[in-house]
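Residue strings, one per chain:
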Amino acid sequence: MPNYVFLGPPGAGKGTMGAILCETYGNIHISTGDILRAELSANSPLGSQIKQCMEGGGLVSDELVAALVRKRLGQPDIAAGFLLDGFPRTVPQAATLDTLLAELGLKLDRVALIEVDEELLVKRLVGRRLCPTCGAIYNIFFSPPAATDRCDTCDVALTARKDDNPETVRNRLAVYWEQTAPLIGYYEAKGLLARVDGSGEKAANFAALQATLGL
Ligand code: AMP
């Protein structure tokens, strides 16, 4: 099974497209943001170490994230193909990934760069609301619930991710352009990069992704 990396700014839809891809083709979805958020909500020692950094929209250390990815890629189910979502996010992380894959006898087949205009990204992030009970995702601009700030199914108050407030979003985007965008050239030089338009509706974006990946 092919192995993929999804690259793109916060709000581009890496998580959403990743979930559909993995459900459709059986790849193992590895989202470093999800792994780190699970540590935060479990209040683990690692969670308290990374809390401030994540809530401010900064990056957790390369070493820490690389150790988490190393552990996950070493599991046997990875033979089904993996999808890395949110990793690598810096050039040193990409170099570590190259080493790690070589050690494990794995190879990267494609890096999909999901592209979306900045104005739309901000609305997607700042407007995002989650149901704490069923996990449904809404957006106050594009897909609002029927009753303001309440889940259509569970009728409980919706919440927002702490790092989706306007100030932190600005910081996350700045961090992306400064530290992650250099990976575009890194993977272009390796002939692995494929650009996908992520600015449409979910189904259209996924169709574009399938076409780009030859699926
Ligand atoms: P995400 O869900 O991918 O937007 O990630 C949420 C937050 O988790 C980021 O803003 C970072 O603080 C942290 N994070 C996720 N992946 C990485 C990574 N590869 N390197 C460093 N920090 C990360």
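Please refer to the structure higher up on the page.
Residues numbered from 1 in each chain as written. Predicted model: local features only at pLDDT ≥ 70, side-chain atom pairs only at ≥ 80, totals over all residues. Heavy atoms only, no water.

Q: Explain the packing of aromatic side chains to me, and be specific about the residues and the numbers.
A: Applying the stated rule across the entire model yields three aromatic pairs. With a centroid separation of 5.1 Å and an interplanar angle of 85°, the aromatic rings of tyrosine 186 and tyrosine 187 are classed as edge-to-face. What makes tyrosine 187 buried here is its relative accessible area of 0%. Geometry around phenylalanine 141 places lysine 123 over its ring, the cationic atom sitting 5.3 Å from the centre. (Phe/Tyr/Trp six-rings, centres within 6.5 Å; stacked < 30°, edge-to-face > 60°. Buried < 20%, exposed > 50% of the residue type's maximum accessible area, 1.4 Å probe, protein only. Lys NZ or Arg CZ within 6 Å of the ring centre and 35° of its normal.)

Q: Please give an account of the pairing of strand E1 (residues 4–7) that cites residues and values.
A: Side chains Tyr4 and Phe6 project from E1 onto one buried face, and the interleaved Val5 and Leu7 project onto a second face that is buried too. Judged from the three bridges that link them, E1 and strand E3 (residues 82–85) form a sheet pairing that is parallel. Bridge pairing links tyrosine 4 to leucine 83 in E3. Here E1 pairs with strand E4 (residues 110–115) via four bridges, running parallel. Note on E4: the bridge partner recorded for tyrosine 4 is arginine 110. (Helix = DSSP H or I, 4+ residues; strand = E, 2+ residues; numbered from the N terminus. Pairing = 2+ DSSP bridges.)

Q: Break down the site of the ligand for me, citing the residues and quoting the values.
A: Near the ligand, the surroundings consist of 15 residues, among which Thr32, Arg37, Gly58, Gly86 and Gln93 are the closest. In this structure, threonine 32 approaches the ligand through a side-chain N or O atom, which is 2.8 Å from a nitrogen atom. Arginine 37 has a polar side-chain atom sitting 2.9 Å from an oxygen atom of the ligand. In isolation the ligand has 480 Å² of accessible area, and contact with the protein removes 96% of it. By residue number, the principal contributor to the shell around the ligand is helix H2 (residues 32–41), which donates four residues. For the shell around the ligand, a count of residues per class yields six nonpolar, five polar and four charged. (Near = heavy atom within 4 Å. Polar contact = N/O pair within 3.5 Å; in protein donor to acceptor, adjacent residues only side chain to side chain. Areas by Shrake-Rupley, 256 points an atom, 1.4 Å probe, with all protein chains shown as cover. Nonpolar A, V, L, I, M, F, W, Y, C, P; charged D, E, K, R; others polar.)

Q: So what's going on with H2? Residues and values would help.
A: Considered for burial, the residues of H2 that qualify are Thr32, Gly33, Leu36 and Leu40. Angularly, the buried residues of H2 cover 100° about the axis, an arc narrow enough to put them on a single face. As for H2, its buried residues are in contact with strand E2 (28–31), helix H3 (45–55), helix H4 (62–73) and E3. (Arc of directions from axis to C-beta. Contact = heavy atoms within 4.5 Å.)

Q: Lay out the nonpolar core with the relevant residues and their values.
A: Counting 33 residues, the largest nonpolar core has Leu73 and Tyr187 as the members making the most contacts within it. Top element by residues in this core is H4. It accounts for five residues. The residues contacting leucine 73, other than those within four sequence positions of it, are Ile30, Ile78, Phe82, Leu97, Leu100, Leu101, Leu104 and Leu106. By size, the runner-up hydrophobic cluster in this structure holds 18 residues, among which are Met17, Leu83, Leu121 and Val169. (Core = buried A, V, L, I, M, F, W, Y, C linked by side-chain atoms within 4.5 Å.)

As far as function goes, none of this settles anything; it's purely spatial.
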